[in-house]
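# Analysis of the macromolecular model
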Amino acid sequence: MGNKNKTISFRVSEDKFETLREIAEERDISLSAVFRDYVDTLVAHDGQVKVAPEHELEDAAEESSTESFPPKVEVPKSFVREHERLELEAEHLREQLEEHKRYVTKLRQQLDEMDQDEVIHLEDLDEGEEEDASYRIGSFDDV
């Protein structure tokens, strides 16, 4: 489908409507834009929006500015050691993978260099067994 805009309508008291209009005029935006901004904020924060007076926002901003950024978190030494161990193991696995890739490349090159006469196909061997059925599969105990 497409991204279609939808219309929402609801009723508010005349006093609240006038207050909203004043907010829109202060911000120099339309009344619709006020609601769109609010809805966008509400959706972006999964409905977790708190309406607070400006002085509370200023107080919260001052408190957060006193904290250092980026925040510091203490991590147990066991976590750091486990992380280092996993990094070493990952590096070892990368080295093994590179070694395996080199080996496969070498085998492919050898296969490409071989003459087709030197290659024996398993299907050819199976056809030969049908003609000479003197082979028997079993254990040495049967002999």
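Residues numbered from 1 in each chain as written. Predicted model: local features only at pLDDT ≥ 70, side-chain atom pairs only at ≥ 80, totals over all residues. Heavy atoms only, no water.

### Some details on the overall build of the protein
Rule in force here: Going along the chain from the N terminus, every DSSP run of H or I of four or more residues is numbered as a helix, and every run of E of two or more is numbered as a strand. Note on classification: 1.4 Å probe, protein chains only; a residue is buried when its accessible area is under 20% of the maximum for its type, exposed when over 50%, partly exposed between these limits. Values of accessible area rely on a 1.4 Å probe in the Shrake-Rupley scheme; residue burial ignores everything except the protein chains shown.
On a plain count of helices and strands, the protein comes out with five helices and zero strands. Reading the secondary structure of the protein in the N-to-C direction produces α-α-α-α-α. Per-residue burial for the protein yields a buried fraction of 2% across its 143 residues. Of the roughly 14,800 Å² of accessible surface on the protein, a fraction of 52% belongs to carbon and sulfur atoms.

### Section: the pattern of salt bridges
Rules: One side-chain nitrogen of Lys or Arg within 4 Å of one carboxyl oxygen of Asp or Glu is enough to make a salt bridge.
In total, this model carries four salt bridges according to the counting rule given. A salt bridge links R85 to E82; the nearest nitrogen and oxygen atoms lie 2.7 Å apart. Taken together, the positions of R85 and E82, both in helix α4 (residues 77–113) and three residues apart, correspond to about one turn of that helix. Measuring nitrogen to oxygen at the nearest pair gives 3.9 Å for the salt bridge that ties K101 to E98. With K101 and E98 both in helix α4, this residue pair falls three residues apart, about one helical turn. For K101, a relative accessible area of 43% puts it in the partly exposed group. On the accessibility criterion, E98 (39% relative accessible area) is partly exposed.

### With respect to a nonpolar patch on the surface
Selection rule: Patch membership requires over 30% relative accessible area and the absence of a salt bridge. Like charges are linked within 9 Å, and nonpolar side chains (Val, Leu, Ile, Met, Phe, Trp, Tyr) within 5 Å.
Together, I8, F10, V12 and F17 give the surface a local cluster of nonpolar side chains, amounting to about 390 Å² of exposed area. Residue placement: F10 occurs in the segment before α1 (14–27). Judged by its relative accessible area of 52%, F10 falls in the exposed class.

### A look at a negative patch on the surface
Defined as follows: When charges are counted, Lys and Arg are positive and Asp and Glu negative, with His and the chain ends excluded. For the purpose of locating charges, the reference atoms are NZ of Lys, CZ of Arg, CG of Asp and CD of Glu.
Taken together, the side chains of E14, D15, E18, E22, E25, E26, E54, E56, E58 and D59 define an acidic patch exposed on the protein surface. If you trace the backbone, E22 turns up in helix α1. Under the relative-accessibility criterion, E22 is labelled partly exposed at 47%.

### Description of the confidence of the model for the protein
Under the convention used in this document: Scored from 0 to 100, pLDDT reflects the predictor's confidence in each residue.
Looking at the protein as a whole, its pLDDT mean stands at 80, while 77% of the residues score no less than 70. The least confident element of the protein is helix α5 (residues 122–131), whose mean pLDDT is 67; the most confident is α4, at 93.

### What to know about helix α2 (residues 31–44)
We apply this condition: The length a helix should cover is 1.5 Å for every residue beyond the first.
Over its 14 residues, α2 runs 20 Å from end to end, which matches the ideal 20 Å to within 8%, given 1.5 Å per residue. One or two steps after α2, the chain reaches D46, where phi turns positive at roughly 55°.

### Description of the packing of α1 against α2
Any two packed helices are characterised by how steeply their axes cross, that is the angle between the axes, and by the distance between the axes. Basically, it comes down to this: The axes are straight lines fitted to the C-alpha atoms, using for helices just the contacting stretch, and the angles between their N-to-C directions are given from 0 to 180°. The cut-offs work like this: below 35 degrees is roughly parallel, past 145 is roughly antiparallel, 65 to 115 is roughly perpendicular, and the gaps in between are oblique. In this analysis, two residues are considered to be in contact whenever any of their non-hydrogen atoms come within 4.5 Å of each other. Think of it as three bins: nonpolar holds Ala, Val, Leu, Ile, Met, Phe, Trp, Tyr, Cys and Pro, charged holds Asp, Glu, Lys and Arg, and polar takes everything else, Gly as well.
Two numbers describe how α1 lies on α2: the axes approach to 8 Å, and their chain directions differ by 90°. Accordingly, the angle class assigned to the pair α1 and α2 is roughly perpendicular. Here F17, L20, R21 and A24 of α1 come into contact with α2, specifically with L31, V34 and F35. Partitioning the contact of α1 with α2 into residue classes produces six nonpolar, no polar and one charged.

### Remarks on unusual backbone geometry
Positive phi outside glycine occurs at D28, with the angle close to 60°. The residue D28 is located in the loop between α1 and α2 in this model. The class for D28 is exposed, based on a relative accessible area of 69%. The backbone of D46 sits at a positive phi, close to 55°, despite the residue not being glycine. Checked against the element boundaries, D46 lands in the loop between α2 and α3 (54–66).

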